[in-house]
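In case you want the letters, here they are:
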Amino acid sequence: MKKIISCLGLALVALAACDNSPKFGVKGNITDAEDKVLYLENVGLESIDALDSVKLNKKGEFDFKAPAPGNPEFYRLRIEDRIINFTIDSTETVKVNAKLATMPTDYAIEASESNQKIKELAIKQINLEKAIAAVGNANLPIGVAQDSVQSILTNYKNDVKMNYIFKAPFDPSSYYALFQTVNGYLIFDPVNDRNDVKCFSAVATSWDQNFPHSNRAMNLHNIAIRGMKNTHAPIVKELEIDESKISEADIIDISLPDEKGEMHSLTELKGKVVLLDFTIYNHTQSAARNMIFREMYDKYKDQGFEIYQVSLDADEHFWKTNADNLPWVCVRDGRGIYSPNISLYGVSNLPTFFLIGRDNSLKMRNTEINDVESEIRKLL
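Residues numbered from 1 in each chain as written. Predicted model: local features only at pLDDT ≥ 70, side-chain atom pairs only at ≥ 80, totals over all residues. Heavy atoms only, no water.

J.: Tell me about the sheet that holds strand S7 (residues 93–99), residues and numbers included.
T.: Pairing between sheet strands relies on hydrogen bonds along the backbone, with the strands arranged either parallel or antiparallel. Here we have 4 strands laid out as an open sheet, ordered S4-S1-S7-S8, and mixed in their pairing. Strands at the two margins of the open sheet, each flanked by one partner only, are strand S4 (61–67) and strand S8 (107–110). Strand-to-strand twist of the sheet, defined as the mean angle between neighbouring strand axes without regard to direction, takes the value 15 degrees. As judged from the 4 bridges shared by S7 and S8, these two strands associate in the antiparallel manner. (Pairing = 2+ DSSP bridges. Helix = DSSP H or I, 4+ residues; strand = E, 2+ residues; numbered from the N terminus. Axes fitted to C-alpha atoms, helices over the stretch in contact; angles between N-to-C directions.)

Here's what the structure looks like:
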């Protein structure tokens with residue numbers, strides 16, 4: 001029996017030694033991180049998977065090897081919540097040096113130009129989050145805060161579009177840029193923003209040509225096609241308004257289901273001051289915007305204030321997950337940008353909100369309001 005076990009052990013050792021499959025390498029050191037665990041992870045399409053890990057010594061040295069991808073893939077080095085992102089497309093060895101405290105931003109990476117661009121984008125994204133957080137902490141009126149956040153996002157996207165995505169759509173850094181997030185939301189909207197969809201289309205076309213058999217190229221192609229269909233300008237038709245929907249002089253009723261499938265009518269809120277909000281939850285502004293709404297709602301709900309929030313999100317599951325935590329009336333219009341409701345209310349940009357008086361009459365829209373709280377107090 002001992003002889004059989006011994007032979008089996010030798011066979012396993014020999015098998016491991018004969019593993020000649022192509023590998024890529026990542027090595028270097030993370031200083032000031034003694035006894036910390038460093039992970040090498042694959043950032044896949046559906047999940048982030050750990051490939052290897054090491055408990056760092058006093059010098060912080062590491063040397064990972066993993067199966068080489070056949071097409072560009074994305075990986076990251078992680079210690080707790082500190083992350084360095086990089087891309088690999090063959091059997092190269094990437095050298096990384098950093099200090100633990102400044103690991104996400106101040107690291108040296110010796111590899112392709114793509115990884116230098118990914119580093120630039122990562123730093124830009126961190127600075128973007130800081131800028132948006134500063135607006136949220138400034139206690140600005142909601143209209144001013146929204147304009148400030150939108151301006152910050154527009155400038156960021158214009159920079160990334162011109163200097164990364166459209167400049168080199170075939171480069172892995174452009175793919176990386178498309179899926180950057182801020183506060184958990186995609187910066188570039190692949191579903192509802194026509195200009196952002198053009199970015200996805202440009203990268204998808206390039207990846208179709210350069211990496212036609214990769215899963216990422218096929219996934220990106222499908223995303224771009226869905227976005228183009230969703231943002232294709234509908235044929236404008238003359239609207240025939242059902243008179244039964246007009247319950248007051250200048251308000252048109254809306255009746256839509258909430259996340260539990262229960263119908264809620266806008267005119268049922270007569271007697272309250274209502275903020276009617278047309279929005280998209282899967283948008284970079286949404287979380288900060290709803291935080292501002294939450295403060296107003298908590299302050300004025302006992303005085304007769306209500307919010308009727310209409311989501312135009314294409315992703316129903318995403319909407320349900322987020323709406324479940326909100327205390328006001330949250331409904332969704334599955335027709336999205338093709339909904340007659342946004343046509344009837346003349347909504348051309350999202351998000352857009354209106355204030356409705358206690359008598360169910362439409363008072364004003366956000367473009368006419370400098371201080372929404374002041375206007376709500378007047379109506380109350």
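Right, picking up where we left off after that structure.
J.: Break down the pairing of S7 for me, with residues and values.
T.: A one-sided burial pattern is seen for S7, the buried positions being Val94, Val96 and Ala98 and the unburied ones Thr93, Lys95, Asn97 and Lys99. Of the pairings in the sheet, the one linking strand S1 (residues 23–31) to S7 comprises 7 bridges and is parallel in character. Paired with Thr31 across the strands is Lys99, a residue of S7. (Buried < 20%, exposed > 50% of the residue type's maximum accessible area, 1.4 Å probe, protein only.)

J.: So what about the nonpolar core? Which residues, and what values?
T.: Judged by nonpolar contacts, the single largest core of 31 residues is most densely connected at Val160 and Ile165. Where this core is concerned, the elements lending two or more residues are helix H2 (113–136), helix H3 (142–165), helix H4 (172–178), helix H5 (194–210) and helix H6 (215–231). If one sorts the elements of this core by residue count, H3 sits on top with 7 residues. The residues touching Val160, leaving out its near neighbours within four places in the chain, are Leu121, Ile165, Ala177 and Phe188. Core analysis: the next-biggest nonpolar cluster, separate from the first, contains 23 residues, Ile30, Ala66, Tyr75 and Val96 among them. (Core = buried A, V, L, I, M, F, W, Y, C linked by side-chain atoms within 4.5 Å. Contact = heavy atoms within 4.5 Å.)

J.: Which residues make up empty space enclosed by the protein, and what are the values?
T.: Under the criterion given, the structure shown has 1 cavity of 30 Å³ or more. Of the pockets and cavities examined, the largest cavity occupies roughly 40 Å³. If one sorts the elements of the lining of the largest cavity by residue count, H3 sits on top with 3 residues. Along the lines of polarity and charge, the residues of the lining of the largest cavity split into 4 nonpolar, 4 polar and 1 charged. (1 Å grid on protein atoms, 1.4 Å probe; cavity = no way out; pocket = protein on both sides within 12 Å on 5 of 7 lines; lining within 4 Å. Points joined across faces, edges and corners; volume = space filled by probe spheres on them. Nonpolar A, V, L, I, M, F, W, Y, C, P; charged D, E, K, R; others polar.)

J.: Tell me about the sheet that holds strand S3 (residues 48–55), and name the residues and values.
T.: Taken together, 4 strands build an open sheet; the order of strands is S3-S2-S5-S6 and the sheet is antiparallel. Lying at the two open borders of the sheet, with one neighbouring strand each, are S3 and strand S6 (82–88). Put simply, the sheet's adjacent strands are angled 20 degrees from each other on average, direction ignored.

J.: Would you mind going over the pairing of S6 in detail, with residue names and values included?
T.: Pairing geometry for strand S5 (residues 73–79) and S6, over 7 bridges, is antiparallel. If you follow Phe74 over to S6, its bridge partner there is Thr87. Joining the antiparallel neighbours S5 and S6 is a turn of 2 residues, in which Glu80 adopts a positive phi near 55 degrees.

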